[in-house]
Structures are given as C-alpha cells and as structure tokens.
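# Remarks on the overall topology
Below are the chains, spelled out letter by letter.
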Amino acid sequence: MNQPPFTVVLIVPTGIGAAIGGYAGDALPVARVLSQVCDRLITHPNVMNGAQLYWPLPNALYVEGYGLDQFAAGAWGLRPVHQNPVGLVLDAGMEAELRLRHLQAADATRATLGLSLTEYVVTDEPLDVRLQTSASGATWGTISRPDSLLRAAETLIHKAGARAIAVVARFPDDTGSEALHHYRHGQGVDPLAGAEAVISHLVVRSLRIPCAHAPALMPLPLEPDLSPRSAAEEIGYTFLPCVLVGLSRAPQFVGTPMAGSTTGPSTGHSMGHSTDIWASQVSAAIVPDSACGGSAVLSLAEAGVPIITVTENNTRMDSPPEALGIFTYRVNSYLEAVGVVATLRAGVGVEALGSALAPLHSLKHDA
Amino acid sequence: MSTHSDDHEGLNSMPIQLVTVQLVAVEVAVQSSPGKTRTLVLQSLQSFGEPLRWAITGIDRDRQIAHVEAVVLQDVPFPVERVVSV
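The sections below set out a description of the structure shown in this document. If you're wondering where the values come from, they're calculated on a predicted model, not measured in any experiment.

## Topic: helix H11 (residues 334-346) of chain A
All names here are of chain A.
- For H11, with 13 residues, the first-to-last C-alpha span of 18 Å sits near the 18 Å given by 1.5 Å per residue.
- Listed in full, the buried residues belonging to H11 are Tyr334, Ala337, Val338, Val340, Val341, Thr343 and Leu344.
- Buried positions along H11 lie against strand S1 (7-10), helix H1 (28-34), strand S12 (284-288), strand S13 (307-310) and strand S14 (328-331).
- In this structure serine 333 caps H11, since a side-chain oxygen of it lies 3.3 Å from the backbone nitrogen of leucine 335.
- Glycine 347 sits one or two residues past H11 and shows a positive phi near 75°.

## Points about the layout of surface pockets
Residue and element names in this part refer to chain A.
- When its volume is computed, the second largest pocket comes out at roughly 750 Å³.
- Taken together, 38 residues form the lining of the second largest pocket, with Asp174, Leu180, Leu192, Leu217 and Leu220 sitting closest to its centre.
- For the lining of the second largest pocket, the element with the highest residue contribution is helix H6 (residues 178-184), accounting for 5 residues.
- Its residues assigned to classes, the lining of the second largest pocket comprises 18 nonpolar, 12 polar and 8 charged.

## Focus: the pairing of strand S2 (residues 40-43) of chain A
Residues and elements named next belong to chain A.
- Burial along S2 is two-sided: the residues Arg40 and Ile42 and Leu41 and Thr43 are all buried.
- With 3 bridges joining them, S1 and S2 adopt parallel strand pairing. Looking at the pairing, valine 9 lines up with isoleucine 42 of S2.
- In this fold, the crossover linking S1 to S2 by way of H1 has right-handed handedness.
- In the sheet, S2 pairs with strand S3 (residues 60-62) via 3 bridges, with the strands oriented parallel. Its bridge partner lying in S3, isoleucine 42 is registered against leucine 61.

## So, the side chain of histidine 102 of chain A
All names here are of chain A.
- Looking at the element boundaries, histidine 102 is found in helix H4 (residues 96-113).
- From its side chain, histidine 102 meets the backbone oxygen of leucine 98 in a polar contact 2.8 Å long.
- Setting aside residues no more than four positions away along its own chain, histidine 102 makes contact with Leu90, Met94, Val168, Pro215, Ala216, Tyr237, Thr238 and Leu240.

## Concerning empty space enclosed by the protein
- A complete count under the given rule lists 1 cavity of 30 Å³ or more for this structure.
- Size it by volume and the largest cavity reaches roughly 720 Å³.
- Forming the walls of the largest cavity are 43 residues, and the residues nearest its centre are Thr14, His44, Asn46 and Ala197 of chain A together with Arg53 of chain B.
- Among the secondary structure elements, those contributing two or more residues to the lining of the largest cavity are helix H2 (45-48), helix H3 (65-72), strand S8 (139-143), helix H7 (193-207), strand S10 (211-216), helix H8 (240-248) and helix H10 (295-302) of chain A together with strand S2 (50-60) of chain B.
- At 5 residues, H7 of chain A tops the list of elements feeding residues into the lining of the largest cavity.
- Considering only residue class, the lining of the largest cavity consists of 23 nonpolar, 14 polar and 6 charged.

## Some points on the interface of chain B and chain A
- Contacts between chain B and chain A engage 42 residues on the former and 60 residues on the latter.
- Of the roughly 4,600 Å² buried between chain B and chain A on both sides combined, carbon and sulfur atoms contribute 58%.
- Inspection of the chain B/chain A interface yields 2 salt bridges.
- Taking the shortest distance from any N to any O, the salt bridge between arginine 61 of chain B and aspartate 318 of chain A comes out at 2.9 Å.
- The tally of links between chain B and chain A comes to 14 residue pairs in polar contact (both at pLDDT 80 or more).
- For the side of chain B that touches chain A, the secondary-structure elements that each account for two or more residues are strand S1 (19-29), helix H1 (34-46), S2 and strand S3 (65-75) of chain B.
- Of all the elements, S2 of chain B adds the most residues to the side of chain B that touches chain A, at 10 residues.
- Per-class residue counts for the side of chain B that touches chain A are 21 nonpolar, 12 polar and 9 charged.

## Digging into the packing of H3 of chain A against H10 of chain A
Residue and element names in this part refer to chain A.
- Where H3 contacts H10, the axes come no closer than 8 Å and their chain directions differ by 15°. By the angle between their directions, the pair H3 and H10 is classed as roughly parallel. In the packing of H3 onto H10, the handedness of the crossing is left-handed. Of the residues in H10, those in contact with Leu68, Asp69 and Ala72 of H3 are Ser295, Ala296, Ser299 and Leu300.

## A short note on H4 of chain A
All names here are of chain A.
- Between its first and last C-alpha atoms H4 spans 25 Å; for 18 residues at 1.5 Å apiece the expected length is 26 Å, and the two agree.
- In the core, the buried residues of H4 are packed alongside strand S5 (86-90), strand S6 (117-122), strand S9 (164-170), S10 and H8.
- Immediately beyond the C-terminal end of H4, within one or two residues, lies glycine 114, with a positive phi of roughly 75°.

Calculation criteria
- Residues numbered from 1 in each chain as written.
- Chains lettered and ligands numbered in written order.
- Predicted model: local features only at pLDDT ≥ 70, side-chain atom pairs only at ≥ 80, totals over all residues.
- Heavy atoms only, no water.
- Helix = DSSP H or I, 4+ residues; strand = E, 2+ residues; numbered from the N terminus.
- Expected span 1.5 Å × (residues − 1).
- Buried < 20%, exposed > 50% of the residue type's maximum accessible area, 1.4 Å probe, protein only.
- Contact = heavy atoms within 4.5 Å.
- Polar contact = N/O pair within 3.5 Å; in protein donor to acceptor, adjacent residues only side chain to side chain.
- 1 Å grid on protein atoms, 1.4 Å probe; cavity = no way out; pocket = protein on both sides within 12 Å on 5 of 7 lines; lining within 4 Å.
- Points joined across faces, edges and corners; volume = space filled by probe spheres on them.
- Nonpolar A, V, L, I, M, F, W, Y, C, P; charged D, E, K, R; others polar.
- Pairing = 2+ DSSP bridges.
- Right-handed = clockwise from strand over helix to strand, strands pointing away.
- Buried area = accessible area lost by both parts, 1.4 Å probe.
- Salt bridge = Lys/Arg side-chain N within 4 Å of Asp/Glu carboxyl O.
- Axes fitted to C-alpha atoms, helices over the stretch in contact; angles between N-to-C directions.
- Parallel < 35°, antiparallel > 145°, perpendicular 65-115°, else oblique.
- Left-handed = near helix turned anticlockwise from the far one by under 90°.

Structure (structure tokens):
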C-alpha cells in the first residue's frame, strides 16, 4: 500500500446565501464527516468558523479564500505547520469596550487553549468598512483604508514575528434591517460575509500570509426565534476564538515571490518540503451545484480534478457546472457527496454502486 | 499579550502600495473550457484593477455570456475618496 494521500477540497463560498454553510459555521458538520473519509481536507474559514464554536480537525488545512484560489491555480503551495504565532490587528474604529472584549477573548485562547499570539496592533486609521449587496444578491464590501490595514499587518510580521494575521474590523451595526432579520432566521444572505472576505483576501494577496477576519459588532437584542444555523454568532461578545484557532495551524503559502498565476511547482518553488501540497495532488473537490463559477473550481476542473456538486445546498448564484463545461458528480446531499468521496478513494467506479450499469460499447478508430 | 500594543507610527513610508477597493461587474463570453473562461474573466477584470475576489454569478445560456461580479484593487494617489459602482 503506497498510495498518495487522498486530498479533498471543500468549498462553500461565503456571502452567497448557501443553505448549508451560509450562516454561522454551519458547514462545519460536513467538514467533520468528510475529514473521516479522506486523508487531507482542504477548506476555508467560512466552513470552519463558528464564532465562539470551532472543531479542530487534525487532517484539515484552514486556507483563506484568496490563498485557496492561488493554490487551485497551481501558483501557491501549502506547507503544513505545527503552530503559527498569530498577530492580531484591531480596527482603530472600534470602541474601547469592544477592543477590550476582543483582547480578553484573545487572552482566553492563550490561557485556555494554549495558542501562541504575538503583541497586537491597532490600525493607524479607522478601516471604515462598507457593506454592499450586488445585483446577484451576493454580499460584498469594501474598506476605505486598505493601506492602514496592510501597515498594521506588516508591523506584526516584521516587529512581532507573526506567521498568521487575525483581523478584527468594526462593522456597521444593524439592529433592524430585513436582511439581518432573514439571516437570524436562517434565510437570506449573510450581510457581513462579503466584506469579511475582501479584508482577508487583501492581506493574503499582499503579504502572502494566512489571514482570517472576525467582525466587531455590538451585541444584538435577544431573538427568541433564532435559527440554530445562525446561533453560534449570538453566544458571546466576539467572533474571534474560531479565527485564532484556525490560524494557529493554518498552512503557510509557498511559491516563488511575485510568481505569476501560471507558476507551478516545477518552476515556482526551488526549496520544496516533502510535506508541501500542490493542486496537482488534489483528489476531489466538493462545491454547491449552483456555485461553480469561482476561481478555484474553474482551475481544479480544468486540471481534471473530479468535482462533486451538491444540489441541496442552494445559493444565490446561477453558475451550474454544465453551463461552464464542467463534468461533475452531481448529488443531492452532502451525505451522498461523502459516499462519492469514499467510492473514489476506494478506487471503485461510482456507476458500479447504482442499479443501472450499461454494457461496454465499441469505439470507432479515428479516420 | 493584551498589555502591549506595537506602535507602528512612522511606518507610512513602508513599501505598501496605496490602493482603493472597488466593486465592479463585467460580462464575458463563456469559453470552451473552464480554464479558458477563468483566464478571460481575469483578463476582463484587469482593465478595472487587480482582481481580489470574483465569481461568475450567473450565466445567460442563450447568449453564452457569464455575468461576473468582482472586487478589484486600484492604485491611486493618496488620499482619495473611494468610488463604488456596480
């Protein structure tokens, strides 16, 4: 038995209203099960982060979305680590009480979980997060001072030795919008998610370091009819613990500095480690059926990686695989997707498990 | 950890390019393979800035057109008011 590790990529894009994984870390149960039927699971913060709740998976790699796109394109590799010192960036736009809540949450992860954190940095300007919803219904967002965010992250890297960056940005409070009402009832699109992704993407793209984000918000009034899928975000003062846990063991990115998107392992990384993971080692990827139009899925599909799409996980997107020329194993549920992964890993043809198995046909020779 | 804050005053001269973040929407023709479509999306977005996060949010099957939403980075003089358009 000398087979390569069976490596699965699980993607549930954030901010697109995914029925499973569009709320408060509610795709984490999927990741927990998948991690049992593969050797390595590569997934991203939206799947793993449940605010105060988290579940470390020994064989899971926590990869921020921009890094995941670069990995899938073959531009960056992933280097597993035992531990990252995590640096914390706090938005200067945060009130003193909120800042203290987050510092106490960070200290709690040091004392109770044994995480390694560096000193922290407050940005030299308020980041000024703006939330937006696009024509498709997806949420996006921007910050007015990306330069201030990057200066703070660079300070943590160069002055404090941080190997991963957790960002806490002050998000606009919302106590009564229709979008928030739907979100708290397990419907609609996470109004914060798109802006969160932009913040972490900016740091990962600019500094090539693991990064994840937690929004700082004032607590909401108690909601008696809160959806279980949204509940993890309403059991504490911060969303930070899951971010720090994920980043503490997030893989580092490897590749040639300033490599172009076409740079692959053969030309882009002269000092590779045997533990480095590249896109060419991915065995399968799982994505919502309606959301095949992201960079990572397009790259992996082009590379011939088997793609499993889940129709039950509805999203606001309308990018099904066949419209993009992607052949997939289309299943209804994640339960079935787990079965397909187990089947592929076992080296069994998926069609052999169905009742209808057509006889072989003769191919014609090329003229 | 919580008792000290690293002072990064004076680091404005650090070699960090000043950028703005902008939300844009484009349309591209669906190509014969997913990789070619991805390449065309990236090329189309380059005219607005460097793509930071993007997705094909919908596809017009009749016209074979992909609708793309993206957040791009744009280099600008400092300081500047951010412009947002979809």
